[in-house]
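A structural walkthrough
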Amino acid sequence: MTFGYDYQRRYRRRVWLGFAKIILVVAVLLATGLFAYQVGIEQLEERDASLREEVKTLSRQRAELTLLTTQLQEATRNAESRAEKLEQRLARDVPSGDLARILQMAAERLGAGVTSERLGFIIQSAQNRRNCQQPETKRFSLSTPIYKSTNRSVTFANGTITVIGDGLSVRDNAGYPEAWYDPGQPVTLHFAIIGGRESVATGVLPLQHSVVVDNTEFRFTVVAGTRSFVEITGDRCPYP
């Protein structure tokens, strides 16, 4: 019996063992690559599904926003149409200008106790052509906080109406007040009617003011005169 070491057999075994290791490594690499590929495919599919769902959501939101925009535009057009109709109605129904001023004066007269019948009669009797007497012009000086004139009043209709007035002092270049009134500042005129009644007009000259005594209307126009003075023109006409 012969004992010996079989080198050839051992060599073949080592070759096959190395080949098997290579195959095993390749198999492991293939398995890992296949697993990674499968995981990547699944992630891509999930991402694709997520993106599709997001697109659907955005499309739905866009449709809702488009509908909302359309509704808002329609509501805006309706609101603008209603506002325009209201403006037209206000312009038609609410008086303005001279009519508003006349209605305000009528309301004030009614509030003061004048009956609607009397007010209606006056309005119906009013006309542009009037049978008035020749106007009369006088002058007087206005008092100021630092000056009281002796020629500070005038009368009309044989003393029926007495007119006095006052104003603000004009100031010099240094800002100090002087004796005479400043025609660029508001003045106050008092129309004292015999019997104790008084009517007041305030504003910047020229001023116009009317006073009614019994069946006569006195209409006054006041303008600035020479320094410290004003000129007042009054006429008298039947009233109404």
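Read on for an overview of the structure. Please read all numbers here as calculations on a predicted model, not as lab measurements.

1. So, helix α2 (residues 97–111)
Between its first and last C-alpha atoms α2 spans 21 Å; for 15 residues at 1.5 Å apiece the expected length is 21 Å, and the two agree. Positive phi appears at Gly113, one or two residues downstream of α2, with a value of about 110°.

2. Considerations on a nonpolar patch on the surface
A cluster of nonpolar side chains, contributed by Trp16, Phe19 and Ile23, occupies part of the molecular surface with about 360 Å² of accessible area. Along the polypeptide, Trp16 turns up in helix α1 (residues 7–93). Owing to a relative accessible area of 60%, Trp16 belongs among the exposed residues under this scheme.

3. As for the pairing of strand β9 (residues 216–224)
Two strands pair when backbone bridges link them, and strand β8 (residues 207–213) and β9 are joined in this way by seven bridges, in the antiparallel orientation. Paired with Leu207 across the strands is Val222, a residue of β9. In this structure, the hairpin formed by β8 and β9 is closed by a connection of two residues, where Asp214 is found at a positive phi of approximately 55°. In terms of strand pairing, β9 meets strand β10 (residues 229–238) through nine bridges, oriented antiparallel. Considered in β10, the bridge of Ala224 is made with Val230.

4. Some details on the sheet that holds strand β6 (residues 187–193)
What the four strands build is an open sheet, ordered β2-β3-β6-β7; its pairing is antiparallel. Single-partner strands in this sheet number two, and they are β2 (153–156) and β7 (197–203). The sheet shows a mean angle of 20° between the axes of neighbouring strands, direction not considered. Where strand β3 (residues 161–166) meets β6, six bridges bridge the pair, whose relative direction is antiparallel.

Cut-off values and rules
Residues numbered from 1 in each chain as written. Predicted model: local features only at pLDDT ≥ 70, side-chain atom pairs only at ≥ 80, totals over all residues. Heavy atoms only, no water. Helix = DSSP H or I, 4+ residues; strand = E, 2+ residues; numbered from the N terminus. Expected span 1.5 Å × (residues − 1). Patch = residues over 30% accessible without salt bridge, like charges linked within 9 Å, V, L, I, M, F, W, Y side chains within 5 Å. Areas by Shrake-Rupley, 256 points an atom, 1.4 Å probe, with all protein chains shown as cover. Salt bridge = Lys/Arg side-chain N within 4 Å of Asp/Glu carboxyl O. Buried < 20%, exposed > 50% of the residue type's maximum accessible area, 1.4 Å probe, protein only. Pairing = 2+ DSSP bridges. Axes fitted to C-alpha atoms, helices over the stretch in contact; angles between N-to-C directions.

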